[in-house]
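Working through the structure, step by step
One letter stands for each residue in the lines below.
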Amino acid sequence: MTDDLRLRPVLDADLPLFFAHQLDAEANWMAAFGPVDPADRVAFDAHWRRVRADRAVVSRTVLVGGEVVGHVNAFPADGRIEVSYWIDPRRWGRGYATAALAALLGEVPLRPVHARVAKDNRASLAVLRKCGFVVTGEDRGYAHGRGAEVEEWILELSGPGPGTGLTRAGTTLAG
């Protein structure tokens, strides 16, 4: 049930939980394009310092019933807006990624928005499709989570997405 899911800005207290989520081997394999070394706390902390200092990034903690279950982000990449999300693997299959991404898209009015997903990550592809993304291309790249090159889908959301209101151009990432 996702009725009690909400987003809020990332707090320092969230980071140890995000790090613990990142240590899950299955989650790293599924995400594929994660950190070089998920256990490297120094690199993790440096990454989150950069993310939180960058005003162009919209980064939110995902809460369910007041408990941190993951994070969702919108960020500039190669001149486009991309989204990513990471949900505690113990919470997979409950609709949290879909609800969190839909909520984030409501905060980010710029369109189009892009995403990338390993072709065999059917769960993440389903999340993106439920939020209105469509496959627009393919790519291949080295995935640290798998130690190999991986084929991926490139997706785009052109319209407002589920429950996100109107699309605006010429504003900051978060409106």
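Residues numbered from 1 in each chain as written. Predicted model: local features only at pLDDT ≥ 70, side-chain atom pairs only at ≥ 80, totals over all residues. Heavy atoms only, no water.

1. Considering the sheet that holds strand 7 (residues 148-157)
- Spatially, 1-2-3-4-5-7-6 is the arrangement adopted by the seven strands of the open sheet, whose pairing is mixed. Each edge of the open sheet carries a strand with a single partner, namely strand 1 (5-9) and strand 6 (134-143). Sheet twist, expressed as the mean angle between neighbouring strand axes with direction ignored, is 30°.
- Inspection of the sheet shows strand 1 paired to strand 2 (residues 58-64) by five bridges, in the antiparallel sense. Residue pairing in the sheet places leucine 5 in a bridge with valine 64 of strand 2.
- Lying on the sheet, helix 1 (residues 15-22) is in contact with strand 2, strand 3 (67-77) and strand 4 (80-87); it crosses strand 3 at an angle near 85°. (Pairing = 2+ DSSP bridges. Helix = DSSP H or I, 4+ residues; strand = E, 2+ residues; numbered from the N terminus. Axes fitted to C-alpha atoms, helices over the stretch in contact; angles between N-to-C directions. Contact = heavy atoms within 4.5 Å.)

2. Remarks on unusual backbone geometry
- Cis geometry marks the peptide bond from arginine 111 to proline 112; its omega dihedral reads 0°.
- At aspartate 78, a position not held by glycine, the phi torsion is positive, near 55°.
- Tracing the sequence through the fold places aspartate 78 in the loop between strand 3 and strand 4.

3. Quick notes on the pattern of salt bridges
- Taken as a whole, this structure holds 13 salt bridges when the rule is applied.
- Arginine 116 is the partner of aspartate 139 in a salt bridge, and the nearest nitrogen-oxygen pair spans 2.4 Å. Taken together, the residues aspartate 139 in strand 6 and arginine 116 in strand 5 (residues 113-118) connect sequence positions 23 residues apart.
- Among the residues examined, arginine 116 registers a relative accessible area of 32% and is labelled partly exposed.
- Put simply, glutamate 138 and lysine 119 hold a salt bridge, and the shortest N to O gap is 2.4 Å. Here glutamate 138, found in strand 6, pairs with lysine 119, found in the loop between strand 5 and helix 5 (122-130); they are 19 residues apart in sequence, far enough to count as distant.
- Beyond isolated ion pairs, a larger network of salt bridges with shared partners links Lys119, Glu138, Arg140, Glu149 and Glu151. (Salt bridge = Lys/Arg side-chain N within 4 Å of Asp/Glu carboxyl O. Buried < 20%, exposed > 50% of the residue type's maximum accessible area, 1.4 Å probe, protein only.)

4. As for helix 3 (residues 41-53)
- In this model helix 3 runs 18 Å from its N-terminal to its C-terminal C-alpha over 13 residues, within 8% of the 18 Å that 1.5 Å per residue would give.
- Of the positions making up helix 3, those classed as buried are Phe44, Trp48 and Val51. Angular distribution of buried residues about the axis of helix 3 spans 60°; they occupy a single face of the element. In this structure, helix 3 carries Val42, Arg49, Arg50 and Ala53 as exposed residues pointing more than 90 degrees from its buried face.
- A side-chain oxygen of the first residue of helix 3 lies 3.1 Å from the backbone nitrogen of valine 42; this N-cap is aspartate 40. (Expected span 1.5 Å × (residues − 1). Arc of directions from axis to C-beta. Polar contact = N/O pair within 3.5 Å; in protein donor to acceptor, adjacent residues only side chain to side chain.)

5. Things to note about the nonpolar core
- Ranked by internal contacts, the top residues of the largest apolar core, which has 32 residues, are Val83, Leu101 and Phe133.
- Secondary-structure elements contributing two or more residues to this core are strand 1, strand 2, strand 3, strand 4, helix 4 (96-107), strand 5, helix 5 and strand 7.
- Of all the elements, helix 4 adds the most residues to this core, at eight residues.
- The residues contacting phenylalanine 133, other than those within four sequence positions of it, are Val83, Leu101, Leu105, Val113, His114, Ala115, Leu128, Leu155, Glu156 and Leu157. (Core = buried A, V, L, I, M, F, W, Y, C linked by side-chain atoms within 4.5 Å.)

6. Topic: the packing of aromatic side chains
- Tallying each qualifying case throughout the model produces three aromatic pairs.
- Judged by centre distance (5.1 Å) and plane angle (45°), the rings of phenylalanine 18 and tryptophan 48 are tilted. Of the two residues, phenylalanine 18 is situated in helix 1 and tryptophan 48 in helix 3; the sequence distance between them amounts to 30 residues.
- Assessed through its relative accessible area of 3%, tryptophan 48 is described here as buried. (Phe/Tyr/Trp six-rings, centres within 6.5 Å; stacked < 30°, edge-to-face > 60°.)

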